[in-house]
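# Geometric and topological summary
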Amino acid sequence: MHYQGDSWGFYLPTRSIGSDPMERVVKLASESAVVIFSLSSCCMCHAVKRLFCGMGVNPTVYELDQDPRGKDMETALMRLLGNSQAVPVVFIGGKLIGSMDRVMASHINGTLVPLLKEAGALWL
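Residue positions are counted from 1 within each chain, in the order its sequence is given. Reporting of local features is limited, given that this is a predicted model, to residues whose pLDDT is at least 70; pairs of side-chain atoms are given and counted only at 80 or more, and all residues count toward the totals for whole chains, interfaces and linings. The basis for every side-chain value is the complete set of non-hydrogen atoms in the structure, without hydrogens or water.

Aromatic rings considered in pairs are described by the distance between their centres and by the relative angle of their planes. Ring pairs are drawn from Phe, Tyr and Trp, using the six-membered ring of Trp, whenever the two centres fall within 6.5 Å, and their geometry is named by plane angle: stacked under 30 degrees, edge-to-face over 60, tilted for the rest. Applying the stated criterion to the full structure yields two aromatic pairs. Relative to Tyr62, the ring of Phe37 has its centre 5.5 Å away and its plane inclined at 25°; by these criteria the two rings are stacked. With a gap of 25 residues between them, Phe37 in strand 3 (residues 34-38) and Tyr62 in strand 4 (residues 60-63) connect regions that are remote in the sequence. The buried category is assigned to Tyr62, whose relative accessible area is 1%. Where Phe37 meets Phe91, the ring centres are 5.8 Å apart and the plane angle is 80°; that geometry is what we call edge-to-face. Here Phe37, found in strand 3, pairs with Phe91, found in strand 5 (residues 89-92); they are 54 residues apart in sequence, far enough to count as distant. The numbering of helices and of strands both runs from the N terminus, where a helix is a DSSP run of H or I of at least 4 residues and a strand a run of E of at least 2. Residue exposure (1.4 Å probe, protein chains only): buried if accessible area is under 20% of the type maximum, exposed if over 50%, otherwise partly exposed.

Here you go:
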């Protein structure tokens, strides 16, 4: 079951995929062209969602604070990124892009749009 949330794209409750949080992250990240792991109260998460929606991309957003196992997934994302800030984390085409700084760097240097086109998230 999924539902359309505000203007951010699709918000999907995380399904029972397995007990390993990293396995869940990888599985969920590969299910859509653009996936954002977020916290509903995070201003940087809000900014990255606005960036993608402003570009015409319809990301799948997982709000970790609304998932009973979200804390475990957040810890897995911190391990994956190798830093203390777990969100936002963006995957495009199932590949880890990173957090807000990596997304913005890709946007500024012109590599974000080709990634989105390759993943099928943008058609123009």
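Don't stop here, the text continues.
Let us look at the pattern of salt bridges. We define a salt bridge as a contact between a side-chain nitrogen of Lys or Arg and a carboxyl oxygen of Asp or Glu at a distance within 4 Å. Per the counting criterion, the structure on display carries five salt bridges. We note a salt bridge from Asp67 to Arg24, for which the minimum N-O separation is 3.7 Å. In this pair, Asp67 is assigned in the loop between strand 4 and helix 3 (70-81) and Arg24 in helix 1 (residues 21-29), connecting sequence segments 43 residues apart. Here the two residues Asp67 and Arg24 agree in accessibility, since each one is buried. Note that Glu74 and Lys71 form a salt bridge whose closest N and O atoms lie 3.7 Å from each other. Placement of the pair is Glu74 and Lys71 together in helix 3, with a separation of three residues, close to one helical turn.

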